[in-house]
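Structural features, examined
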Amino acid sequence: MPIHLLSPEVASQIAAGEVVERPASVVKELVENALDAGAKSISITIEDAGRRLIEVADDGSGIPADELALAVSRHATSKLATAKELFSISTLGFRGEALASIGSVSRMTITSRVADSATGARIRVEGGQEGVVEQVGAPVGTVVQVENLFYNVPARLKFLKADTTERRAIDTFITRYALAYPDVRFKLAEGKKVALQTSGDGDQRAILATLYGVDTAKQMLEVIAEDDPSTGSGQAMKLSGFISPTSVTRSNRREMTFFINGRWVQDIPLNAALTQAYHTLLMVGRYPLAMLFLDVDPEAVDVNVHPAKAEVRFREQDKVFSFVQRAVRRALLAYAPVPSLPPATLWGGPASRGSQPSEPRQAGLDWSMAQDAKQAETAGTGVESEREAEQPEFANIPLLRLIGQIGATYLVAEGPDGLYLIDQHAAHERVLFEKLMLQHDKRNIPSQALLEPVSITLPPAQAALLGEQLELLNHFGFQVEPFGPNIFQVRAMPTLFSGSDASSALRALVEDFEEDETPLQEELEARIAARVCKRMAVKAGQTLSSDEQRALLTDLENCDSPRTCPHGRPTMIHLSVDMLERQFGRKGPR
Ligand code: ADP
Ligand code: MG
């Protein structure tokens, strides 16, 4: 084929690929335009997960009739005039590409009216072909309707994921923007169903509750920090938002959200600053939840490095990084209680290497297990851990004589070969897990009706996921029924967990569904079981009666893999007679 210039339609479709990847990207561009137009109320309607229709209506400034045709042309924007301004951008848009791109891969209709015009105007673009501007009656503001997205790009259509996944991407986007712009009223409807609605009254915690559920929202810690430019950095920065306490974590980074100058930025080094702030406070492989809003001088950040603006670069990356890390750490430590049992002083051995004893630490489970895991890895001569390779995790444990409980967290027991310290939570997790999986394998998980059914409200995306898995839950002995929009009612739960908090168990389950979009059924079942058992197991800090202690120990002895919890962390530390003798100088070193 000889070289030739591509037709404008083809060129436009190619360019559109960068901006419009899936229904959620259309929603993003349109909502950002509405926010740029100063909207106080934004209403989003989607049908068929956005394939059939995406409509975004706002009450913003509107587009004058004589600019409507220009608005849908490529590189036409009202937000930027000179290249210099690229480095001081305060609007979400500036590339002048979104409407043109969307119009080239869908049937798009824009209806708009500005306040000082008596009537509105409408333009239709079909697969990049612009129609004429008509006069119509319309309220002040803009309505953009995008129908049959990708109807002319079948290849794109094929790349779309399942409806639930596409819908979740939209839900996720809207909930985050609703939180970032609490003074704007957001409404998201999927077909006739309202999936999300915010009041626009500025109450961020109320929106947090729709995002994470009421319980978690209540626990989130508030971060407010300002960097004073007079202290040398020469740059004013402000960080605000919410972070989870160390007791609320996720197994992935998906809930770590940063807004930079009002823009959700997904791929940034600041995620590392956030996890560093939690360093030593969380178990390995656990991540915090965070919704953080960083405001910096627009000139200090380059937003023009990615077509969808999902990345940014900072002029002084290190300063921003350490500012965020310090601010989060400070907020975290301000709330973290001091532990009752610092192992560093208890054992004084090499296990304390690397920890900073002067810092207050979070008491309880996560911390102690993180420490245990660390000890297991680093303790060469001090504490001998059962995690070492010579002890396979499925090796049985000898009969143990219970001595008692310490710190309301560990059981102490004596075996023929020394002393055992047992993490009561990890041990109980293991016990519950093996019992549940045994019943599961026999296809018989006894279930017990709750005296009073418990209702829980979930964020829309999670509700959709849960709705699809009700049968699986039923199989696990949870009788759960839809009870209203995003509301479920738990009527029965496995007998094994009777007396425990049903809503907390259910939340643990939903979290697991979130992890992976299409896990293997078998794997999913085991993971669900492990997750629920973790949530239902006794916690560190819970005093157990001696009967309970003894029962736990016996149950653990009967497990197939008593030495680790279902998530692979040790349930016990063994202080062998040999090691004790060496430590007390009764025997020479090895
Ligand atoms: P950009 O947002 O990068 O400027 P777009 O293609 O998204 O580019 O929009 C082009 C122009 O159309 C904007 O600069 C703005 O002037 C106008 N516009 C788009 N959407 C709206 C809206 N909802 N309300 C008012 N004006 C809008
Ligand atoms: Mg735009």
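So, here's what we can say about the structure. (Residues numbered from 1 in each chain as written. Chains lettered and ligands numbered in written order. Predicted model: local features only at pLDDT ≥ 70, side-chain atom pairs only at ≥ 80, totals over all residues. Heavy atoms only, no water.)

Remarks on the overall build of the protein chain
The condition that has to hold: Only runs of H or I of at least four residues qualify as helices and only runs of E of at least two qualify as strands under DSSP, and these elements are numbered from the N terminus. Residue burial is assigned from relative accessible area. The probe radius is 1.4 Å, only protein chains are included, and a residue is buried under 20% of its type maximum, exposed over 50%, and partly exposed in between. Should any heavy atoms of two residues lie within 4.5 Å, those residues are counted as being in contact. Each accessible area is a Shrake-Rupley result for a 1.4 Å probe, and residues are judged covered by the shown protein chains and nothing else.
Assigned secondary structure in the protein chain consists of 19 helices and 23 strands. Residues classed as buried in the protein chain amount to 52% of the 590 residues present. Taking the contacts inside the protein chain whose residues are at least 6 apart along the sequence as the reference set, 70% of them involve residues at least 24 apart. Carbon and sulfur atoms make up 52% of the accessible area of the protein chain, which amounts to about 27000 Å² in all.

Re the site of ligand 1
Worth spelling out the cut-off: One heavy atom within 4 Å of a molecule or strand is enough for the residue carrying it to be called near that molecule or strand. Here a polar contact means two N or O atoms within 3.5 Å. Within protein one must be a hydrogen donor candidate and the other an acceptor candidate, and residues neighboring in sequence count only if both atoms are side-chain atoms. Under the scheme applied here, ten amino acids are nonpolar (Ala, Val, Leu, Ile, Met, Phe, Trp, Tyr, Cys and Pro), four are charged (Asp, Glu, Lys and Arg), and all others, including Gly, are polar.
The environment of ligand 1 is made up of 20 residues, and the closest members are Asn-33, Thr-77, Ser-78, Lys-79 and Gly-96. Between an oxygen atom of ligand 1 and a side-chain N or O atom of Thr-77, the distance comes to 2.5 Å. Contact between ligand 1 and Gly-96: an oxygen atom at 2.7 Å from a main-chain N or O atom of the residue. Summarising the interface, the protein chains cover 92% of the accessible area of ligand 1, which totals 530 Å² for the free molecule. Among the residues forming the shell around ligand 1, the class breakdown is eight nonpolar, eight polar and four charged.

Considerations on the packing of aromatic side chains
Where we set the bar: Within 6.5 Å between ring centres, the rings of Phe, Tyr and Trp (the latter by its six-membered ring) count as paired, and their orientation is classed by plane angle as stacked under 30 degrees, edge-to-face over 60, tilted in between. Charge over a ring is defined by NZ of Lys or CZ of Arg lying within 6 Å of the ring centre and within 35 degrees of the ring normal.
One pass over the full model with this rule turns up five aromatic pairs. With 5.9 Å between their ring centres and 10 degrees between their planes, Tyr-177 and Tyr-181 make a pair best called stacked. A relative accessible area of 0% places Tyr-177 in the buried class. Seen from the ring of Tyr-151, Arg-107 lies directly overhead, with NZ or CZ sitting 3.9 Å from the centre.

Details of a nonpolar patch on the surface
Our working definition: Patches draw on residues past 30% relative accessible area with no salt bridge. Two like charges within 9 Å are joined, as are two nonpolar side chains (Val, Leu, Ile, Met, Phe, Trp, Tyr) within 5 Å. Salt bridges, as used here, are contacts in which a Lys or Arg side-chain nitrogen is within 4 Å of a carboxyl oxygen on Asp or Glu.
On the surface, Leu-6, Val-10 and Ile-14 cluster together to form a nonpolar patch covering roughly 270 Å² of accessible area. Summarising the element assignment, Leu-6 is placed in the segment before α1 (8-19).

Regarding the pairing of strand β21 (residues 479-484)
Spelled out, the test is: Pairs of strands are assigned from DSSP output, requiring at least two bridges between the strands.
Relative to strand β22 (residues 487-494), β21 runs antiparallel, the two being bridged by five bridges. Following the sheet pairing, Pro-482 is matched in β22 by Phe-488.

Points about helix α13 (residues 424-441)
Our working definition: Multiplying one less than the number of residues by 1.5 Å gives the expected span of a helix.
End to end, α13 covers 26 Å across 18 residues, agreeing with the expected 26 Å (1.5 Å per residue, within 8%). Here α13 lies mainly inside the structure; 15 of its 18 residues are buried. Measuring from the side-chain oxygen of the N-cap residue of α13 to the backbone nitrogen of His-425 gives 3.0 Å; that N-cap residue is Asp-423. Directly beyond the C-terminal end of α13, a positive phi value near 55 degrees is found at Arg-443.

Observations regarding the pattern of salt bridges
If you walk through the whole model with that rule in mind, you get 19 salt bridges. With a shortest N-O distance of 2.9 Å, Arg-51 and Asp-163 are connected by a salt bridge. You can see Arg-51 sitting in the loop between β1 (41-47) and β2 (53-58) and its partner Asp-163 sitting in helix α6 (residues 163-180), a full 112 residues away along the chain. The residue Glu-126 makes a salt bridge to Arg-124 at a minimum N-O spacing of 3.7 Å. Glu-126 gets classed as partly exposed once you look at its relative accessible area, which sits at 33%. Taking the relative accessible area as the measure of exposure, Arg-124 reaches 34% and is therefore partly exposed. Several salt bridges converge on common partners, so that one network encompasses Arg-107, Arg-124, Glu-126 and Glu-147.

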